[in-house]
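The residues making up each chain are set out below.
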Amino acid sequence: MIALVDCNNFYVSCERVFDPRLEGRPVGVLSNNDGCVVARSNELKALGVAMGAPMHLLPPAIRRQAVLLSSNYALYGDMSRRVNLILEAFSPDVEVYSIDESFVGFSGFAVDGREAHAQRLRETVRRDTGIPVCVGLAPTRVLAKVANHLAKKQAAYQGVCLLEADAPATRARLERLPVSELWGVARRSAERLALMEIHTAWQLRQADPKQVRRHFSVVLERIVWELRGRPAIRLDDLHEPRQRIMVSRSFGRLTGAFPDLQEAVRQHAARAAEKLRDQGSQARALMVFVRSNPHLAGERQYRNSVVVPLPAPSDDSRELLAAAARGLAAIFLAGVRYQKCGVMLLDLVEADRRQLSLLAPCSEAARGRSQRLMATVDRLNREMGRDTVRFGLPRQGSAWALRCERRTSRYTTRWDELMRVKIR
DNA sequence: TCTGGGGTCCTAGGACCC
DNA sequence: TCTGGGGTCCTAGGACCC
């Protein structure tokens, strides 16, 4: 039995913990650059605001009524960590799936004690962090997702829903669930399933797995097995390092100036290099991309990317920044107003299993110096705050700087912001 | 004026091998 | 007239997730 613990309207709930005046009001949290609505309170959903709605297209009446906040990832990340600490006290088997969801192993409990245990978990998280969560219990992950969905939608469940694979009640629930609401089935697959007269989760469960695999993919076949109660989806081992690392941002405003892009690409490469060292990897290649704003008709459109191989695997910020700069120079086109750029580190290898290059031999002494330098930079930034040491100084107010005009305080990670009072 | 930022897995098809 | 039958590896792009 697996429990899916999902925080309700997570970003909004985090904001409410530190500003109870937001309770009962329509609240939204915005993406970077205050671009889109990425989290909504129930009150905001009730006003008809869709997930991902562009902020500047919201009706004025809604903008007046709602509290719309910039995202505060330092706060959400720390609150997420606190929630997971509590989950770990309830089960030795916690798989963090995203910032607001975790799968929790629930095997080993007496059959009639599972729901009560889930209720206790829910109450403890609420009491100790202030975050409301719902729990879906089922034998597979896909069914646990369905159970969680029900627990959120129907108050009668009081936040905990258990689905057995073969119970008549489960059949009734699946018959009423559109296939597109299943985890792993989105618009494209739903459209193609509809052509085969498969509209509900129950109909998909009844489909022949082999046929499904032939017409769609092994991914959808696994969903069929999971709906039948047979586990077929394993999560990646979370301790596995990432296979690629990406850092990209939209600019605060469009810019066609090469120095602006240079500066942004350098910042992204430096941040990516920190993430790379943090997971103990090195990159064998790096990708740089730039693009104009595809939403603007009449604007000259351009997008391009280039992969820059590195002579030897590296996690040295200086080498990665230099490679990124070369990549940018190769794809920059004058006369375009750019909206976004980014850097992706590719072909990652574990630092201690790195293969040395025959073509670019590098003395062990030089490697050692590089490693000590990077470790020192990372330590200073960790202990004294991000960007205490950085590679080159960005100018103030550059075009690519993010807009985030409505961010709340980083209450749990910054002493200097803890007491900052905001009057609304 | 203004539309996010990450990730994963799978498949098809090309290039190449014998 | 008529030109095989497997493999592997890599990459780009699709689809999906939060």
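Residues numbered from 1 in each chain as written. Chains lettered and ligands numbered in written order. Predicted model: local features only at pLDDT ≥ 70, side-chain atom pairs only at ≥ 80, totals over all residues. Heavy atoms only, no water.

1. What to know about the overall build of chain A
Along its length, chain A carries 15 helices and twelve strands. Relative to the globule expectation of 22 Å for 424 residues, the C-alpha radius of gyration of chain A, 24 Å, shows essentially globular dimensions. Out of the 424 residues belonging to chain A, those deemed buried represent 47%. Sequence separation of 24 or more characterises 68% of the internal contacts of chain A that already satisfy a separation of 6 or more. On chain A, roughly 22600 Å² of surface is accessible, and the fraction owed to carbon and sulfur atoms is 52%. (Helix = DSSP H or I, 4+ residues; strand = E, 2+ residues; numbered from the N terminus. Rg over C-alpha atoms; globule rule 2.2 N^0.38 Å. Buried < 20%, exposed > 50% of the residue type's maximum accessible area, 1.4 Å probe, protein only. Contact = heavy atoms within 4.5 Å. Areas by Shrake-Rupley, 256 points an atom, 1.4 Å probe, with all protein chains shown as cover.)

2. Things to note about the sheet that holds strand β4 (residues 67-69)
One open sheet holds the three strands; their spatial order is β3-β2-β4, and the pairing between them is mixed. Every other strand in the sheet has two partners, leaving β3 (37-40) and β4 as the edge strands with one partner each. Across the sheet, the mean angle separating the axes of adjacent strands is 30° when strand polarity is ignored. Direction of pairing for strand β2 (residues 27-30) relative to β3: antiparallel, over a ladder of three bridges. Counterpart to L30 in the pairing with β3 is V37. (Pairing = 2+ DSSP bridges. Axes fitted to C-alpha atoms, helices over the stretch in contact; angles between N-to-C directions.)

3. Some remarks on the protein's contact with DNA strand C
The local shell around DNA strand C holds 13 residues, among which S98, D100, K145, G184 and S189 are the closest. Within 4 Å of the protein, the atoms of DNA strand C are drawn from sugar and phosphate moieties in a proportion of 100%. Separating a phosphate oxygen of DNA strand C from a side-chain N or O atom of K145 is a distance of 2.7 Å. Within the contact set of DNA strand C, a sugar or linking oxygen lies 3.3 Å away from a side-chain nitrogen or oxygen of W183. (Near = heavy atom within 4 Å. Polar contact = N/O pair within 3.5 Å; in protein donor to acceptor, adjacent residues only side chain to side chain.)

4. A short note on the protein's contact with DNA strand B
Taken together, 24 residues are adjacent to DNA strand B, and N32, M246, S248, R249 and S250 come closest. Among the atoms of DNA strand B lying within 4 Å of the protein, the sugar-phosphate backbone contributes 78%. Taking S31, its side chain carries an N or O atom lying 2.9 Å from a sugar or linking oxygen of DNA strand B. At 2.5 Å from a phosphate oxygen of DNA strand B is found a side-chain nitrogen or oxygen belonging to R249. Of all the secondary-structure elements, those providing two or more residues to the surface near DNA strand B are α11 (218-227), β9 (245-255) and β12 (338-350). In terms of residue count, β9 provides more of the surface near DNA strand B than any other element does, seven residues in total. Within the surface near DNA strand B, the residues separate by chemical class into eight nonpolar, nine polar and seven charged. (Nonpolar A, V, L, I, M, F, W, Y, C, P; charged D, E, K, R; others polar.)

5. Describing the packing of helix α6 (residues 141-153) against α11
As a packed pair, α6 and α11 sit with axes 7 Å apart at the nearest point and diverge in direction by 70°. As judged from the angle between their axes, α6 and α11 are roughly perpendicular. Listed contacts from α11 to R141, V142 and L143 of α6 are I223, E226 and L227. (Parallel < 35°, antiparallel > 145°, perpendicular 65-115°, else oblique.)

6. Topic: the packing of aromatic side chains
On inspection of all chains with the given rule, the structure shows twelve aromatic pairs. Ring geometry for F10 and Y11: centres 6.1 Å apart, planes at 55°, overall tilted. The ring of W225 has R230 lying over it, and the distance from NZ or CZ to the ring centre is 3.8 Å. (Phe/Tyr/Trp six-rings, centres within 6.5 Å; stacked < 30°, edge-to-face > 60°. Lys NZ or Arg CZ within 6 Å of the ring centre and 35° of its normal.)

7. Here's the deal with the UniProt feature "domain: UmuC" (unreviewed entry) in chain A
Mapped onto the present numbering, the UniProt feature "domain: UmuC" (unreviewed entry) falls at residues 2-186. Annotation note: span residues 2-186, helix share 41%, strand share 19%, distance between end C-alpha atoms 23 Å. (UniProt positions renumbered as here; feature names shortened; annotations may be inferred.)

8. Some words on the sheet that holds strand β6 (residues 101-105)
Spatially, the five strands line up as an open sheet ordered β5-β6-β1-β7-β8, and their pairing is mixed. If you trace the sheet from one side to the other, it starts and ends with β5 (94-98) and β8 (160-162), each paired once. Put simply, the sheet's adjacent strands are angled 20° from each other on average, direction ignored. Across three bridges, the pairing between strand β7 (residues 133-138) and β8 is parallel.

9. Examining the environment of Y73
Along the chain, the position of Y73 falls in helix α4 (residues 73-90). Along the chain, Y73 and L276 lie 203 residues apart, while their C-alpha atoms are 20 Å from each other. Those residues in contact with Y73 that sit more than four places away from it in its chain are Y11 and N32.

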